[in-house]
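A look at the structure
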Amino acid sequence: MTRHPHHFKIAFALAISAGSWGIYWLPQRILVEGGLTGGWGTIAQMIIGLLILLPIAVWRLIKKKETGLELPVTGLLVGGGFICYALSFLLTDVVRALILFYMTPIWTTIFEILFLKKRPGLERVLTLGLALGGLWIVFSKQTIIPLPENAGDWLALAGGAIFAGGMIRLEVVKTDGVFPIIFSFFFYGALFNIVAGFFLVDYLGEMPAIEAFISMSSFLFVISVFYFIPTAIVILWAPSKLGAGLCSILFLAEIVVGVISSGMLTNEPFGWREIAGSSLIVLGGILAVVLAPKEENLLN
């Protein structure tokens, strides 16, 4: 895989989009306060995104173009990984969900070696070490070694591995533009969410009253159109242009924004750990972009 002509522009757009997910906890909290408890806010977001994109999918189907329904494995991986991540916030501490899910750089590196036969260079070791070192500094006061302890922890860990597998698929899958990928994400992600909600009903609770969905419908529409869909397009499109390994490191921008935003808007602490760890993550991301090889090394 050769470096894309717009390598730096795509990397910047991805960092901004991934960073914006650092405040994902805020709309989630608003939805819960509005009555959409038990993960139903996440289900509603996926379904609304699906409904918004459905007319385009129908038009593409009539024109005999790809819609994304042809990508069940890719859709289930990226959509299912995200759903596990979103639901884990409801079942464990935010800190534990973040650190366990964001083992994705490790998973993507392993998957690249196993499935894409890539040989990571020294620049990957350096940038991965910086990014994960920063992650450890931020969260080590809560847990020295992040081992799963409850259902939410396992969901976050599994979600990171599943999403990493999805990024590997996004790197190699060939589609007619980005629409099939984004529609596959919403369609199969929504299915995964409904099934997961059914199996986790004892943890997540029963379906809220219909009045809660109606009262939050305007808010759901706004965040879907102006936040959820646009950022998802960039996040799901980038791996095919930058590679899954580099993208997984840039995704850590979410940690930086999440730490800063929670420190500013809540009573979460923001001290030397957060500053030092975030700086290392940012440095790792910048070096990952700058040092990315123009030609990928493959295993013999």
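Keep in mind it's a predicted model, so treat the numbers as computed, not measured. (Residues numbered from 1 in each chain as written. Predicted model: local features only at pLDDT ≥ 70, side-chain atom pairs only at ≥ 80, totals over all residues. Heavy atoms only, no water.)

Working note: non-glycine residues mostly have negative phi, and peptide bonds are mostly trans. The phi dihedral of Lys-64 is positive, around 60 degrees, even though this residue is not glycine. Structurally, Lys-64 can be placed in the loop between α3 (40-62) and α4 (72-91). For Lys-64, a relative accessible area of 78% corresponds to the exposed category. The phi dihedral of Lys-117 is positive, around 55 degrees, even though this residue is not glycine. Position of Lys-117 among the secondary structure elements: in the loop between α6 (104-115) and α7 (122-139). By relative accessible area, Lys-117 is classed as partly exposed at 46%. (Helix = DSSP H or I, 4+ residues; strand = E, 2+ residues; numbered from the N terminus. Buried < 20%, exposed > 50% of the residue type's maximum accessible area, 1.4 Å probe, protein only.)

This brings us to the confidence of the model for the protein chain. For the protein chain, mean pLDDT is 84; residues scoring 70 or higher make up 90% of the total. When mean pLDDT is compared element by element in the protein chain, α3 scores highest at 92, while helix α10 (residues 201-204) scores lowest at 72. (pLDDT = per-residue confidence, 0-100.)

What follows is about a nonpolar patch on the surface. On the surface, a cluster of nonpolar side chains totalling about 510 Å² of accessible area is made up of Phe-8, Leu-126, Val-282, Ile-286, Val-290 and Leu-291. For the nonpolar patch, the leading source of residues is helix α16 (residues 272-290), giving 3 residues. Structurally, the position occupied by Leu-291 is in the segment after α16. Residue classification places Leu-291 among the partly exposed residues on the basis of a relative accessible area of 36%. (Patch = residues over 30% accessible without salt bridge, like charges linked within 9 Å, V, L, I, M, F, W, Y side chains within 5 Å. Areas by Shrake-Rupley, 256 points an atom, 1.4 Å probe, with all protein chains shown as cover. Salt bridge = Lys/Arg side-chain N within 4 Å of Asp/Glu carboxyl O.)

One finds Phe-82, Tyr-102, Phe-185, Phe-186, Leu-242 and Phe-251 to be the most contacted residues of the largest nonpolar core, which totals 80 residues. At 9 residues, the largest contribution of residues to this core is made by α4. (Core = buried A, V, L, I, M, F, W, Y, C linked by side-chain atoms within 4.5 Å.)

A few words now on the pattern of salt bridges. Summed over all chains, the structure comprises 3 salt bridges. In this structure, the salt-bridge partner of Asp-176 is Arg-60, at a minimum N-O distance of 3.3 Å. Taken together, the residues Asp-176 in the loop between α8 (151-172) and α9 (179-199) and Arg-60 in helix α3 connect sequence positions 116 residues apart. The buried category is assigned to Arg-60, whose relative accessible area is 9%. Within this structure, Glu-112, Lys-118 and Glu-171 form a network of salt bridges that share partners.

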